[in-house]
Amino acid sequence: MPTPRLKLHSRSSLVVSAEEFVLGQKEPLLVSWDIREDVHTLDWVGLYRTDETDPQKYLDKKEINKGHATSKQPLTGRGGVLWPLGEAIFNSFVGCSPDDNGEATSGHHEQVVASCFRYYHGPTAVCRAVSPVVQLCRTSQAQQEMLMGYSSQQFPQEMLRFTVTNLHAQNLKRNLFFSPDPYVKMSVQPGPGEGVLLLPHHGQVLRTAAAESTVNPRWTRLQFEFIAYPSDVLEFEVKDKFSRPRPLMCRFLGKLRVSVQELVAQCGANHVAELSYPLVSRNPGDPPISGHLLFSFFLETVGAVDPWLHIRQLHNPVLADA
């Protein structure tokens, strides 16, 4: 049976600021109208499913001329309203979607629903104008693709939560005239291999404060918490803090890339490993690097981890050694 459509014979128009709206975005949708027929203080604009023809079966409604009932300002056919759209409205859409048997379905798995706005004349309930279709999305297209890849390739049950503590370096390379002001940047990166996906938790980056004028810096009182898959890589990069008196000096002091699986394998029965690794250069032909990086690796959790929740709960990524 074909979907019923609303027939309009009108010169009026109803427009929206975007034809795709992601729930939770800061800017509400702007709905504007230019009505060329009679307008009334009882006129309203409603949000509807695209296949809905009953004016009273709106999902949301605004009586856009209500304030003019007690105002001395003349009523015009032009105007606009900012329309916030949240999860409750989205759930109203998917909750009332009929299935093939005419029964309501929960629809909580749906990520996108088609909607439109309609301007109705209050006394007669005649539709004056219909907006273009607006796609309401739980997440943006990029986030949907990321989540699809995430759910099809990896599983939260396999994720690990671990902490790096007692971080310090020894015998870093010293400049001819002065010692560096080193700091360490740590990040979780996807492991090597073809078809590896860049997943949400790969955005984790933490760093220390700079230690002043030393080749043996210590950040032993700091704790750095990460989540990762065993196939991921934990990367450390040691750099000299930028200084205006020496802007042309090479700030790179060495790096370390070690697989999470290797770190886990070195943990003892108490899930702790005391580790030391030599720092290396970025490329084989680069100037030689000296020094070692030492740290404690503590495996906290083996089990289901919510990557989105963990990343949202991370504090300031620049941590000072108080």
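It should be emphasised that the depicted structure is a prediction, and the values quoted were computed from it without experimental measurement.

Enquirer: Would you explain the nonpolar core in this entry?
Expert: One broad rule of soluble globular proteins: the nonpolar side chains tend to lie buried together. Judged by nonpolar contacts, the single largest core of 34 residues is most densely connected at Phe236 and Phe295. Residue assignment for this core shows that the elements contributing at least two residues are β10 (160-170), β11 (182-189), β13 (218-228), β14 (233-240), β15 (252-259), α3 (260-265), β16 (272-278) and β17 (292-302). Counting residues in each nonpolar core, the second largest holds 22 residues, with Leu29, Val113, Tyr119 and Ala129 among its members.

Enquirer: Any chance you could explain the sheet that holds β11 here in plain terms?
Expert: Picture the strands of a sheet paired through backbone hydrogen bonds; they go either parallel or antiparallel. One open sheet holds the four strands; their spatial order is β12-β11-β14-β15, and the pairing between them is antiparallel. Of all strands in the sheet, those with a lone pairing partner are β12 (205-207) and β15, marking the two edges. Neighbour-to-neighbour, the strand axes of the sheet open up by a mean angle of 15 degrees, direction not taken into account. In this sheet, β15 lies alongside β14 in antiparallel orientation, the contact comprising seven bridges. By the bridge assignment for β15, lysine 239 is matched with phenylalanine 252.

Enquirer: How do you make sense of the environment of lysine 241 when you look at a structure like this?
Expert: In this structure, lysine 241 sits in the loop between β14 and β15. Spatially, the C-alpha atom of lysine 241 lies 5.9 Å from that of proline 182, the residues being 59 residues apart in sequence.

Enquirer: Just checking my understanding: could you explain unusual backbone geometry for this structure?
Expert: Leaving glycine out, the prevailing phi sign among residues is negative, and the prevailing peptide bond configuration is trans. The backbone of asparagine 166 shows a phi angle near 50 degrees, a positive value even though the residue is not glycine. Tracing the backbone through its elements, the reader meets asparagine 166 in strand β10. Looking at asparagine 166, the relative accessible area reads 25%, which means it is partly exposed. Even without being a glycine, asparagine 171 presents a positive backbone phi close to 55 degrees. Residue position: asparagine 171 is located in the loop between β10 and β11. The class for asparagine 171 is exposed, based on a relative accessible area of 51%.

Enquirer: For this particular structure, what's the right way to read the state of the cysteines?
Expert: Disulfide: a covalent bond formed between the sulfur atoms of two cysteine residues. Inspection of every chain in the model, using the stated rule, returns zero disulfides. Cysteine cysteine 127 remains unbridged, with the sulfur of cysteine 116 as its closest cysteine sulfur at 8.3 Å.

The rules we used
Residues numbered from 1 in each chain as written. Predicted model: local features only at pLDDT ≥ 70, side-chain atom pairs only at ≥ 80, totals over all residues. Heavy atoms only, no water. Core = buried A, V, L, I, M, F, W, Y, C linked by side-chain atoms within 4.5 Å. Buried < 20%, exposed > 50% of the residue type's maximum accessible area, 1.4 Å probe, protein only. Helix = DSSP H or I, 4+ residues; strand = E, 2+ residues; numbered from the N terminus. Pairing = 2+ DSSP bridges. Axes fitted to C-alpha atoms, helices over the stretch in contact; angles between N-to-C directions. Disulfide = S-S within 2.5 Å.

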